[in-house]
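Given next are the chains, with one letter for each unit.
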Amino acid sequence: MASFRERVPESRIHLVVDATVADFSQVSETVSSVLNQFSSAAKVTLFIKEAGTKERLFISFPELDSALFNIVHSVFGAARALGEATRFQLAKTEYILFLKAGDVLNRYAITAFEHSIESGKYPDALYSDVTTIVDDIPVVECRPEFCPDYLYEYNYLPSSICFKSDLVQGLILPDVECAEGVEAINHALAILLSSCPNVNIKHIPYTLLEHITRVTPERPVSQLARQSLKLIGAERGFKIREGVSKETLCVQWEMDGFQPLVSIIIPTRDQVDLLRQCIESILEKSSYQNIEILLVNNNSEEIETYDYFSLLADDSRIKIIDYPYEFNYSAINNFAVTKASGDFIALVNNDIEVISADWLETLISQCARPEVGCVGAKLYYPDDTCQHGGVVIGYGGVAGHAHKNFERSSKGYMCRLITTQNFTAVTAACLMIRKETFLKVGGLDEENLTVAFNDIDLCLKVHTLGLRNIWTPHAELYHHESVSRGSDRKGAARIRFMNEIKYMKKRWNTHEFKDPAYNENLTLSREDFALKTY
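Keep in mind that this is a model prediction, so the values were computed, not measured.

**Q** Explain the overall build of the protein chain here, please?
**A** From N to C terminus, the protein chain includes 16 helices and 23 strands. Computed over its C-alpha atoms, the radius of gyration of the protein chain comes to 26 Å, within 12% of the 24 Å expected for a compact globule of 534 residues. The proportion of buried residues among the 534 residues of the protein chain is 60%. For the protein chain, the proportion of contacts with a sequence separation of at least 24, taken over those separated by at least 6, is 79%. Of the roughly 22,600 Å² that the protein chain leaves accessible, carbon and sulfur atoms contribute 50%. The averaged location of the 71 negative side-chain charges in the protein chain is 4 Å from the averaged location of its 53 positive side-chain charges.

Below you can see the structure in the form of structure tokens.
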């Protein structure tokens, strides 16, 4: 029989397999999937602990080529053994893909990685989607494009990620004595790599790896990841604390006494009970106090409203500004920004109610980062279901809120409801942006988007500057959605709304937009991260 080397050409990908804590059937599954690759023959280093495993492999797979399969008996723990693999002397154009025994490569996995390496002009790393099969039920992880903020708080890249060898050799993994394996190594390397200047990490939106298990795998934060984040945090100015789940962390960007004035802009028209609830929650519940509230009165008519304005007039933190023209959300906010004294602008609806005392500190600490544009908060309906978990471009042909109506206690898809992450857009019901950035992109579009989608347009304009938009679950507020404004479904309002949809499709091609924060294999017909059906 022809050897594996004689059948197919060598690949530029070096597979490193952790088989130190696996049974032989798992090792066999992985080796079989490597031998079954469609085109290229990947070089393999297989770490084992049981001395008899090597002999059993060559008996089970007589086609194994010892020139390509390097089976190493390791007396070290998996983390140390795999860490040694990062120092392999490989060519600059070669890549390392870490696998754990039991991982099964798609027949075209190596081919897909090779093609993406060449078409992507040799990225620093690249990764695919994966499937975990739990008791014969497939669970697909459709990953977003590279999302460093998400990576810091949750290991969404535990497997199926290739690292360029010359970069990996330059990364120094923390010396952690623990029984951590492939998932920890991948997470730590991705974290360290993300801190490199101009890093280029590509995503392949196909499932190239499967892992079969009897129980739903847990993914607790590894010590390698914690130590890697501490190293980067010391350089970049953040600390880590425990997240709401053992699978997640919370990254806190340090303010070091930074106390900028925040101008909170609240458009309003009557509905005084809602407005009072909003204002009082900001003043009484917020721990951050260097604020000014610009209350923009848009043609209020009720006596109760003006009575309340009179009460607020004695508070030096509140300025009441009249905007005596037809309702135009974009124009109202643009007008207010010209009156704002703060370097940071918080756009807040009058139907918002504060939950987290440190909501402003959380938003400021993210917004102050030079690479960040808009920052959005986690919003709930009054019944404690999710109203806003970030915005996905393409929902309904334009945009919609991720995880809408999920329970407050839900982790969401791949822990995305409990971790800070990059989104292309966030809602202006509660949005922070530097005043400089707001003015640079021309503010909100008061000509074409008077009511709907102006916040999405704003975020997309900011996104084109090369800035990241951030959604954080660590700033929580209630949103009594659009109670004060009414419906877009009747009469002239419907006509206006349909024109705004038309404009967004023309301006941003939202109906065909591939949102990097989402995944093209997920549905756009619902907001629940379900798989697309064809």
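The discussion continues.
**Q** So what exactly am I meant to see when it comes to helix α12 (residues 329-339) here?
**A** Note that an α-helix has 3.6 residues per turn; residues three or four places apart therefore point the same way. Counted residue by residue, α12 has eight buried out of eleven residues, so it is predominantly covered. Along α12, the positions that sit buried rather than exposed are Tyr 329, Ser 330, Ala 331, Ile 332, Asn 333, Asn 334, Ala 336 and Val 337. Here the buried face of α12 lies against β12 (262-268), β13 (291-297), β15 (344-348), α14 (435-440) and α15 (454-464).

**Q** What is the right way to read unusual backbone geometry from this model?
**A** Where the residue is not glycine, phi is negative for most of them; where a peptide bond is considered, it is trans in most cases. Residue Gln 271 is not a glycine yet carries a positive backbone phi of 50 degrees. One can find Gln 271 in the loop between β12 and α10 (272-285). Look at Asn 509: it is not a glycine, yet its phi comes out positive at around 55 degrees.

**Q** Is there a simple way to think about empty space enclosed by the protein in this case?
**A** To locate leftover empty space, one rolls a probe as large as a water molecule over the atoms. Scanning all chains against the criterion turns up one cavity of 30 Å³ or more. Roughly 30 Å³ of internal volume is contained in the largest cavity. Looking at the largest cavity, the residues that line it are Asp 149, Tyr 152, Glu 153, Val 251, Trp 253, Gln 366 and Thr 420. For the lining of the largest cavity, the element with the most residues is helix α6 (residues 148-153), which contributes three residues. Per-class residue counts for the lining of the largest cavity are three nonpolar, two polar and two charged.

**Q** When you look at the packing of aromatic side chains in this model, what are you seeing that I'm missing?
**A** Note on aromatic pairs: each is described by the distance of the centres and the angle between the planes. For the structure on display, the rule yields 16 aromatic pairs. Plain terms: the ring middles of Phe 258 and Phe 344 are 6.0 Å apart, the flat faces sit at 70 degrees to each other, and that makes the pair edge-to-face. Residue Phe 258 is found in the loop between β11 (249-253) and β12, and its partner Phe 344 is found in strand β15; the two are separated by 86 residues along the sequence. Look at Phe 258 and you get partly exposed, because its relative accessible area is 35%. Here Arg 107 stacks its cationic end above the ring of Tyr 108, 5.9 Å away from the centre of that ring. The ring of Tyr 380 carries Arg 408 above its face, with NZ or CZ at 4.6 Å from the centroid.

**Q** I tried to follow the nonpolar core on my own but got confused; where do I start?
**A** The tendency in soluble globular proteins is for nonpolar side chains to be buried as a group. Grouped together as the largest cluster of nonpolar side chains are 93 residues, with contacts concentrated most on Tyr 156, Phe 163, Leu 431, Ile 456 and Met 504. With nine residues, the single largest contributor to this core is helix α8 (residues 182-194). Each residue touching Leu 431, except ones within four places of it in the same chain, is listed here: Ile 345, Ala 346, Leu 347, Cys 374, Val 375, Val 426, Leu 458 and Cys 459. Of all hydrophobic cores here, the second largest spans 38 residues; its members include Ile 282, Ile 293, Leu 363 and Cys 430.

**Q** Sorry if this is basic, but what is going on with the pairing of β12 here?
**A** In the case of a regular strand, side chains alternate between the two sheet surfaces. With seven of its seven residues buried, β12 lies for the most part within the structure. Residues Val 262, Ile 264, Ile 266 and Thr 268 of β12 are buried on one face, and the alternating residues Ser 263, Ile 265 and Pro 267, pointing to the opposite face, are buried as well. Across four bridges, β12 lies against β15 in parallel orientation. By the bridge assignment for β15, Ile 264 is matched with Ala 346. Here β12 runs beside β13; their pairing, made up of seven bridges, is parallel. When the sheet's bridge partners are listed, Ile 264 is paired in β13 with Ile 293. Chirality of the crossover, the property in question, places the unit of β12, α10 and β13 among those that are right-handed.

**Q** Is there a simple way to explain the packing of α8 against helix α9 (residues 223-236) in this structure?
**A** Each pair of packed helices can be summarised by the angle the axes make with each other and by the distance between the axes. Taken N-terminus to C-terminus, the directions of α8 and α9 make an angle of 10 degrees; their axes are 8 Å apart at the nearest point. Comparing their axes, α9 and α8 come out roughly parallel. Contact residues: Ala 184, Ile 185, His 187, Ala 188, Ile 191 and Leu 192 in α8; Leu 224, Ala 225, Ser 228, Leu 229 and Ile 232 in α9. Here the residues of the contact of α8 with α9 sort into nine nonpolar, two polar and no charged.

Basis of the calculations
- Residues numbered from 1 in each chain as written.
- Predicted model: local features only at pLDDT ≥ 70, side-chain atom pairs only at ≥ 80, totals over all residues.
- Heavy atoms only, no water.
- Helix = DSSP H or I, 4+ residues; strand = E, 2+ residues; numbered from the N terminus.
- Rg over C-alpha atoms; globule rule 2.2 N^0.38 Å.
- Buried < 20%, exposed > 50% of the residue type's maximum accessible area, 1.4 Å probe, protein only.
- Contact = heavy atoms within 4.5 Å.
- Areas by Shrake-Rupley, 256 points an atom, 1.4 Å probe, with all protein chains shown as cover.
- Lys, Arg positive; Asp, Glu negative; His and termini not counted.
- Charge placed at Lys NZ, Arg CZ, Asp CG, Glu CD.
- 1 Å grid on protein atoms, 1.4 Å probe; cavity = no way out; pocket = protein on both sides within 12 Å on 5 of 7 lines; lining within 4 Å.
- Points joined across faces, edges and corners; volume = space filled by probe spheres on them.
- Nonpolar A, V, L, I, M, F, W, Y, C, P; charged D, E, K, R; others polar.
- Phe/Tyr/Trp six-rings, centres within 6.5 Å; stacked < 30°, edge-to-face > 60°.
- Lys NZ or Arg CZ within 6 Å of the ring centre and 35° of its normal.
- Core = buried A, V, L, I, M, F, W, Y, C linked by side-chain atoms within 4.5 Å.
- Pairing = 2+ DSSP bridges.
- Right-handed = clockwise from strand over helix to strand, strands pointing away.
- Axes fitted to C-alpha atoms, helices over the stretch in contact; angles between N-to-C directions.
- Parallel < 35°, antiparallel > 145°, perpendicular 65-115°, else oblique.

Don't take any of this as a statement about function, it's just geometry.
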